[in-house]
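# A structural walkthrough
The chain contents come next:
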Amino acid sequence: MPRNLQHWLKQLADSNKPAYLLIADLIAEDVRTGRLVARDRLPTLRELSAELGLNYTTVARAYAEARKRGLIDARAGMGSFVRGSAPSLPLRGGSGAEMTMNLPPEPQDTALLARLHESAAVALNSGDYYELLRYQDFGGTPDEREVAAEWLRRYLPDASADRLLICPGIHSVLTALVSQLARPGELICVESLTYPGIKAIAAQLGVKLHALPLDDDGPSAGAFEDACKHLQPKALYCNPTLLNPTTLTISRARREALADVALRYSVPIIEDDAYVMLPRQIGKPLAQLAPELTYYISGFSKCFGAGLRAAYVSAPNARLAQRLAGALRATTVMASPITNAIVTQAVRDGSADAMLDAVRDESIARQSLAARHLAGRGYEAQPEGFHLWLPVGDSWSVVEFASWLRTQGIGVVAAAAFSTDGDPPAAVRVCLGGPGTRLECDAALRLIADTLDHPRHPHATVM
């Protein structure tokens, strides 16, 4: 049965939709976000009636509706069980992952693409090709780390090669750090809406997440201090620039307050700055405010593409960098020498900057389209980012809204996927990037606006 029905109670209290339809929607949402999984047993009709304060007939109609949608099965004498997710529908770009991951746009600039091809060819044609096919020490060669440190200094001015590792993507770094800093059953503090990958990592490792409320300045420093006093968190994880999903950038004052709490309680900080390369104006990193505690991470997936699994992590000191290298070696063996060579050459010859400029310009153009189509809808966005945070309002349930758009080939992700406090807002993340063209992005935004203005039949998403 659902572990926490508080979000059901809140949705039922806030919605004017008939309760039996809303309960079916909530079951669908919990299946999609993993709160409920295949073969989970649901409460009996009488149990759920008592929990939600509804009459027996309403709950019976809700379960009948859920069965009609293919969400649950009922067996005499055994109760009702979750069936699990339905098969994926064909989606724009041909990949379900492309519709749910936050991908940068792909600039269609012939000269830029030729430059990137040439840069990669230089990387592969220089030196001993077989050297790129051999095992290497974790973290990159000394030359690669020097180039990486020079690149990272534009975001973290005191970055140095002896504290820096080149890794196969940010996700691998996060997995290693969480496993290193927290044992199963221990907890780390995170934003109440945060990168879904950290939720998956914590679940896999048995680490608990403690949600910090968000306001316009970022995660609450007061709540962080309260957790430090009473819960002994093993780390603070944050996504400080263009937060995925809400696009929030933590203010300077809030960064200072969070760093102050971390320093007073000696709590390590995992600073996941995946989007820091996009804005032209950036904030002072937590790694400068609490250098002895902070692991600063950035990577190329959000300016080149998800297939370029290359990330840079700066540890608090050289000893901790080597300790982290050991944890990463145990889980990933090493970053691909071929990928490292391509990235290093792109940074060295300026093609990385050219690609970043093109992605930034394309993001600005697509955000202009969003401003035209979604004006007055209270959405959150940053001019140089390629995602936005859109309230859905009362005309749709979030699940039905996202499901309907998915049938139209448009990928939006409901707030529950990002929630760590069990109380997601009625909002979705919209990615403006990916393999689609600017014209396709314009058409998608027009359809999103039209869908908000003209809600379909409640069961339009049932296939």
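These notes cover the structure that comes with them.

## Let's talk about the overall build of the protein
Scanning the protein from N- to C-terminus turns up 17 helices and 15 strands. Relative to the compact-globule value of 23 Å for 463 residues, the protein shows a C-alpha radius of gyration of 23 Å, a close match. When its C-alpha atoms are laid out on the principal axes, the protein stretches across 75 × 50 × 45 Å. The buried share of the protein, taken over its 463 residues, is 54%.

## Remarks on the pairing of strand S15 (residues 427–431)
S15 sits mainly inside the fold: 5 of its 5 residues count as buried. Of the two faces of S15, the one carrying Ala 427, Arg 429 and Cys 431 and the one carrying Val 428 and Val 430 are both buried. Relative to S15, strand S13 (residues 387–391) runs antiparallel, the two sharing 5 bridges. The partner of Leu 390 across the bridge, within S15, is Val 428. Strand direction decides the pairing type here: strand S14 (residues 412–414) and S15, joined by 3 bridges, are antiparallel. Within S15, the position partnered with Val 412 by the bridge is Val 430.

## A few points about the packing of helix H6 (residues 110–125) against helix H14 (residues 337–349)
Between H6 and H14, the least distance of the axes is 8 Å, while the angle of their chain directions is 120°. In terms of orientation, H6 and H14 fall into the oblique class. The crossing of H6 and H14 is right-handed. Where H6 abuts H14, its residues Arg 115, Ser 119, Ala 120, Val 122, Ala 123 and Leu 124 lie against Ile 338, Ala 341, Ile 342, Gln 345, Ala 346 and Asp 349. Looking at the contact of H6 with H14 residue by residue, the classes come out as 8 nonpolar, 2 polar and 2 charged.

## A closer look at the packing of aromatic side chains
Any two aromatic rings considered together are summarised by their centre-to-centre distance and by the angle between their planes. Here the structure, examined in full by the defined rule, presents 7 aromatic pairs. For the pair Trp 151 and Tyr 155, a centre-to-centre distance of 6.4 Å together with 65° between the ring planes defines the contact as edge-to-face. Both rings, one in Phe 300 and one in Tyr 312, keep their centres 5.4 Å apart while their planes meet at 85°; by these two values the pair is edge-to-face. With Phe 300 in the loop between strand S10 (294–299) and strand S11 (311–314) and Tyr 312 in strand S11, the pair connects residues that are 12 residues apart, well separated along the chain.

## Some remarks on a nonpolar patch on the surface
Nonpolar side chains collect at one region of the surface, where Tyr 129, Tyr 130 and Leu 133 lie side by side and expose about 360 Å² of accessible area between them. Here Leu 133 lies in the loop between H6 and helix H7 (142–152).

## Here we look at unusual backbone geometry
Residues other than glycine predominantly adopt negative phi, and peptide bonds predominantly adopt the trans conformation. Despite not being glycine, Leu 242 shows a phi value in the positive range, around 50°. The phi dihedral of Val 333 is positive, around 70°, even though this residue is not glycine. With respect to the helices, strands and loops of the structure, Val 333 is situated in the loop between helix H13 (318–332) and H14. Val 333 sits in the partly exposed class, given a relative accessible area of 44%.

## A word on the nonpolar core
Trp 151, Ile 270, Phe 300, Phe 304 and Tyr 312 are the most contacted members of the largest nonpolar core, which totals 69 residues. Looking at which element gives the most residues to this core, the answer is helix H8 (residues 170–181), with 7 residues. Not counting the four nearest positions on each side in its chain, Tyr 312 is found in contact with Ala 148, Trp 151, Leu 152, Leu 165, Ile 166, Tyr 296, Ile 297, Ser 298, Phe 300, Val 343 and Val 347.

Reading the values: rules and limits
Residues numbered from 1 in each chain as written. Predicted model: local features only at pLDDT ≥ 70, side-chain atom pairs only at ≥ 80, totals over all residues. Heavy atoms only, no water. Helix = DSSP H or I, 4+ residues; strand = E, 2+ residues; numbered from the N terminus. Rg over C-alpha atoms; globule rule 2.2 N^0.38 Å. Buried < 20%, exposed > 50% of the residue type's maximum accessible area, 1.4 Å probe, protein only. Pairing = 2+ DSSP bridges. Axes fitted to C-alpha atoms, helices over the stretch in contact; angles between N-to-C directions. Parallel < 35°, antiparallel > 145°, perpendicular 65-115°, else oblique. Left-handed = near helix turned anticlockwise from the far one by under 90°. Contact = heavy atoms within 4.5 Å. Nonpolar A, V, L, I, M, F, W, Y, C, P; charged D, E, K, R; others polar. Phe/Tyr/Trp six-rings, centres within 6.5 Å; stacked < 30°, edge-to-face > 60°. Patch = residues over 30% accessible without salt bridge, like charges linked within 9 Å, V, L, I, M, F, W, Y side chains within 5 Å. Areas by Shrake-Rupley, 256 points an atom, 1.4 Å probe, with all protein chains shown as cover. Salt bridge = Lys/Arg side-chain N within 4 Å of Asp/Glu carboxyl O. Core = buried A, V, L, I, M, F, W, Y, C linked by side-chain atoms within 4.5 Å.

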